[in-house]
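# Per-entry structural report
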Amino acid sequence: MYKMSVIIPCYNARDTIASTLYSIAMQSIADEVEVVIVNDADGVDYTDILGRFTDLHIKYVINPENRGCGGARNTGIREASGDYVLFADSDDQFVSSLALEVMYNRIVAEKADILVSTFESEMRFANGVAIKQMKNAITWMHGKAFRRQYLLNNNLFFKENLRLNEDMEFNQIAFDLGGKVAEIPMVTYLWRDNPESITHKSLYENKKWFVLAAIESLKDSTERGIACEKIRLRVLQNLCMIYQYYDIVINDTPEMAGDYIAVCKDFWRLCEPLVRDVSDEEARKIFCAAMRDYEDIPSVTFMEFLNKLRAD
């Protein structure tokens, strides 16, 4: 039994996975950490690279068919044996040799089900590098640890029908189920945000998949019987994000605005009964919090956006 299992989905990662493994090998508790690498049917041979890390406890699993990042992580959850699991991308790194030890000690001391740390986002451009610190961000998996039995007890796995924003849906359910959450302000993880990924190359696809993930989150929350107050709060938060994304869509890809509204209407049909009686004060508080970091003045008002969703 290991203290922690680091689950790494792997797809066409020969050029990057070694640096990720080096960052785990340098951990102060590396000998008590299991690394579960899940090859998501990419047809690539990694045995020579993995052979360099003889001091790491590596479990190498190959999915029989491509199931996406969420599906690879699900395989990792089932194959892991550590008390706690973390998820790392195959081109990212842990930033300190003490990262995993500090995370483990805190989540054990707090008897928590989920641990949230700070991570850094690194994006490289032709003219330089942009680094942004992300605190208490539940949209992404980066810098988080989960008690594995908490996931298993709640049958909590990634939705494999979501090929983008599967992190968001998973995290929202994990947090809303009521498990104990602990936090540390320490930066533990470096996310190498790839400007060539579909997230950035197709902003529209990313925004549309956020709405689809919000739909899955609402359905999942309802089926699990999560308290109505929690579901309503999450719906309002997601609705505000969807509104922000609509502003991005109509400015960057206006030709897709109609398609985006159609997807948003699917979400609205599910959530409208939950938000019908929300007070103006509650809605304003959530809206202001969601819009706090949005720098641009939206092209349409929130009410204009809602009226588009309500229209037949």
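This text gives an overview of the structure that appears in the document.

Analysis parameters
- Residues numbered from 1 in each chain as written.
- Predicted model: local features only at pLDDT ≥ 70, side-chain atom pairs only at ≥ 80, totals over all residues.
- Heavy atoms only, no water.
- Axes fitted to C-alpha atoms, helices over the stretch in contact; angles between N-to-C directions.
- Helix = DSSP H or I, 4+ residues; strand = E, 2+ residues; numbered from the N terminus.
- Parallel < 35°, antiparallel > 145°, perpendicular 65-115°, else oblique.
- Left-handed = near helix turned anticlockwise from the far one by under 90°.
- Contact = heavy atoms within 4.5 Å.
- Nonpolar A, V, L, I, M, F, W, Y, C, P; charged D, E, K, R; others polar.
- Core = buried A, V, L, I, M, F, W, Y, C linked by side-chain atoms within 4.5 Å.
- Buried < 20%, exposed > 50% of the residue type's maximum accessible area, 1.4 Å probe, protein only.
- Salt bridge = Lys/Arg side-chain N within 4 Å of Asp/Glu carboxyl O.
- Phe/Tyr/Trp six-rings, centres within 6.5 Å; stacked < 30°, edge-to-face > 60°.
- Lys NZ or Arg CZ within 6 Å of the ring centre and 35° of its normal.
- Pairing = 2+ DSSP bridges.

Moving on, we get to the packing of helix H9 (residues 228–252) against helix H11 (residues 280–291). Where H9 contacts H11, the axes come no closer than 9 Å and their chain directions differ by 50 degrees. On the basis of the axis angle, H9 is oblique to H11. Note that H9 runs across H11; the crossing there is right-handed. Only Glu 282, Ile 286, Phe 287, Ala 290 and Met 291 of H11 make contact with H9, whose side of the interface consists of Arg 232, Leu 233, Leu 236, Gln 237, Cys 240, Tyr 243 and Gln 244. Residue classes in the contact of H9 with H11 are distributed as 8 nonpolar, 2 polar and 2 charged.

Here the focus is unusual backbone geometry. Non-glycine residue Lys 111 carries a positive phi angle of around 50 degrees. By the secondary structure assignment, Lys 111 is in the loop between helix H4 (99–109) and strand S6 (114–125).

Bringing the nonpolar core into the picture now. One recurring pattern in soluble globular proteins is that nonpolar side chains are buried together. Counting 60 residues, the largest nonpolar core has Phe 146, Ile 242, Tyr 260, Phe 267 and Phe 305 as its most contacted members. By residue number, the principal contributor to this core is H9, which donates 10 residues. Ignoring sequence-local partners within four residues, the contact set of Ile 242 consists of Phe 210, Val 211, Ala 214, Tyr 260, Cys 264, Phe 267 and Phe 305. Among the nonpolar cores identified, the runner-up in size contains 38 residues, and Ile 17, Ala 30, Tyr 84 and Met 134 belong to it.

What follows is about helix H6 (residues 166–176). Along an α-helix, residues three or four positions apart point the same way, because every turn accommodates 3.6 residues. In terms of residue burial, H6 counts as a mostly covered element, since 11 of its 11 residues are buried. Among the residues of H6, those classed as buried are Glu 166, Asp 167, Met 168, Glu 169, Phe 170, Asn 171, Gln 172, Ile 173, Ala 174, Phe 175 and Asp 176. Gly 178 sits one or two positions beyond H6 and adopts a positive phi of about 100 degrees.

Take Arg 78: it is sitting in helix H3 (residues 68–79). Note on Arg 78: relative accessible area 49%, which makes it partly exposed. When neighbours within four sequence positions are excluded, Arg 78 is seen to be in contact with Arg 67, Arg 148 and Phe 157.

Turning our eyes to something else, we now look at the pattern of salt bridges. Side-chain pairs of opposite charge can arise whenever the charged atoms involved come near each other. This model, assessed by the stated rule, comprises 14 salt bridges. Measuring nitrogen to oxygen at the nearest pair gives 3.4 Å for the salt bridge that ties Glu 166 to Arg 73. Of the two residues, Glu 166 is situated in helix H6 and Arg 73 in helix H3; the sequence distance between them amounts to 93 residues. With respect to class, Glu 166 is no different from Arg 73; both count as buried. Two residues, Arg 147 and Asp 113, come together in a salt bridge whose shortest N-O distance is 2.8 Å. Of the two residues, Arg 147 is situated in strand S8 (residues 144–147) and Asp 113 in the loop between H4 and S6; the sequence distance between them amounts to 34 residues.

We now examine the environment of Ala 283. Its place among the elements puts Ala 283 in helix H11. When its relative accessible area of 28% is taken as the criterion, Ala 283 is described as partly exposed.

Another aspect to go through is the packing of aromatic side chains. A full pass over the atoms with the stated rule returns 16 aromatic pairs. Ring centres of Phe 146 and Phe 170 lie 5.5 Å apart, and the angle between their planes is 85 degrees; on these two criteria the pair is classed as edge-to-face. Remark: Phe 170 occurs in helix H6 and Phe 146 occurs in strand S8; sequence separation between them is 24 residues. For the pair Phe 146 and Phe 170, one class covers both residues: buried. Taken together, Tyr 243, Tyr 246, Tyr 260, Phe 302 and Phe 305 form an aromatic cluster joined through their ring pairs. Directly above the ring of Phe 157 sits Arg 78, whose terminal nitrogen or CZ lies 4.2 Å from the centroid.

This paragraph deals with the pairing of strand S4 (residues 84–87). A two-sided burial pattern is seen for S4, the buried positions comprising Tyr 84 and Leu 86 on one face and Val 85 and Phe 87 on the other. Of the strand pairs in this sheet, strand S1 (residues 4–10) and S4 are connected by 4 bridges, and their pairing is parallel. Directly across from Ile 7, in S4, lies its bridge partner Phe 87. Across 3 bridges, S4 lies against S8 in antiparallel orientation.

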